[in-house]
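This is what each chain is made of:
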Amino acid sequence: DPADPTQSLLVDGQRARGIELGLTGRVTQNWSVVGGYAYQDGTVKTTQSPTVVAGARLAQLPRHTLSLWNRYDFNPQWGLGLGTIYRDELFTSTDNTVRLPSFVRFDVHMAKNCHTDDFVAVGKTNTAYTRRCSTDKPANIRNAAAQSFA
């Protein structure tokens with residue numbers, strides 16, 4: 001929104017094209033793997049304001065995204081997952097003045113089935129690495145619980 005930089009509007013004059021490929025499978029009965037790749041090319045097609053001009057890349061849209069996720073179930077109660085995701089550099093807004101660097105994020109996931117097939121508790125942490133800086137401390141920790149109601 002040219003009048004309010006905190007808002008985004010979907011308008012004519014923008015186009016995003018791309019392709020997404022995914023592969024899912026089991027290496028063994030207990031080990032599953034999921035991988036994916038996405039290519040996205042988004043541009044402003046018509047000038048919409050002095051800062052949103054034709055030819056600019058769309059905001060928050062990485063050209064390349066690559067992910068790989070592994071999960072191993074030790075038994076019916078416990079499972080462990082390890083994954084990584086790569087996101088190419090992107091612009092923070094359509095004026096294309098601020099660029100976020102590409103990064104790789106590593107995720108760890110542990111799940112425990114709590115005595116029923118309908119409840120799973122999950123703990124997850126991730127750490128992001130960029131070309132300019134790296135950290136060995138978790139960026140955040142997320143916990144979730146899911147209950148199925150039949």
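A short tour of the structure in this document, coming up. Please read these numbers as outputs of a predicted model, since none were measured by experiment.

For Q60, which is not glycine, the phi dihedral falls at a positive 60°. Relative to the elements of secondary structure, Q60 occurs in the loop between β2 (31-44) and β3 (64-73). Q60 sits in the partly exposed class, given a relative accessible area of 46%. Even without being glycine, N96 reaches a positive phi, approximately 60°. Summarising the element assignment, N96 is placed in the loop between β5 (90-91) and β6 (99-100).

General note: in soluble globular proteins, nonpolar side chains tend to be found buried as a group. Residues V44, V52, A56, L58 and L61 constitute the largest nonpolar core, which totals five residues. Those residues in contact with V44 that sit more than four places away from it in its chain are G13, Q14, V52, V53, A54, G55, A56, L58 and T94.

Residues V27, W31, Y72, F74, W78, L80, L82, V108 and M110 make up a contiguous nonpolar surface patch of roughly 810 Å² in combined accessible area. The set of elements that each furnish at least two residues to the nonpolar patch consists of β4 (78-87) and β7 (103-113). Looking at which element gives the most residues to the nonpolar patch, the answer is β4, with three residues. The topology assignment puts V27 in the loop between β1 (14-26) and β2. Accessibility expressed as a relative area gives 48% for V27, which makes it partly exposed.

The tally for this structure, following the rule as stated, stands at one aromatic pair. Each ring, one from Y72 and one from F74, has its centre 5.2 Å from the other, and the planes form 65°; the classification is edge-to-face. Take F74: its relative accessible area is 52%, and that puts it in the exposed class.

What counts, and where the lines are drawn
- Sequence order as written defines residue numbering, which begins from 1 separately in each chain.
- In keeping with the model being predicted, local features are shown solely for residues with a pLDDT of at least 70 and side-chain atom pairs are shown and tallied solely at 80 or more, while totals for entire chains, interfaces and linings include all residues.
- Remark: hydrogens and water are excluded; side-chain values derive from all non-hydrogen atoms of the structure.
- Per the convention used, a helix needs a DSSP run of H or I reaching at least four residues, while a strand needs a run of E reaching at least two, with both numbered from the N terminus.
- For the exposure calls, accessible area comes from a 1.4 Å probe over protein chains only, and a residue counts as buried if that area is under 20% of its type's maximum, exposed if over 50%, partly exposed in between.
- Here, the term nonpolar core denotes a set of buried Ala, Val, Leu, Ile, Met, Phe, Trp, Tyr and Cys residues that are joined through side-chain atoms within 4.5 Å.
- Contacts are assigned to residue pairs that have any heavy atoms within 4.5 Å of one another.
- Nonpolar side chains (Val, Leu, Ile, Met, Phe, Trp, Tyr) within 5 Å and like charges within 9 Å form the patches, drawn only from residues with over 30% relative accessible area and no salt bridge.
- Working definition of accessibility: Shrake-Rupley area with a 1.4 Å probe, residue cover restricted to the visible protein chains.
- Within this document, salt bridges are pairs made up of a side-chain nitrogen of Lys or Arg and a carboxyl oxygen of Asp or Glu, the two lying within 4 Å of each other.
- Stacked, edge-to-face and tilted labels apply to pairs of Phe, Tyr and Trp rings (six-membered ring for Trp) whose centres lie within 6.5 Å, assigned for plane angles under 30 degrees, over 60, and everything in between, in that order.

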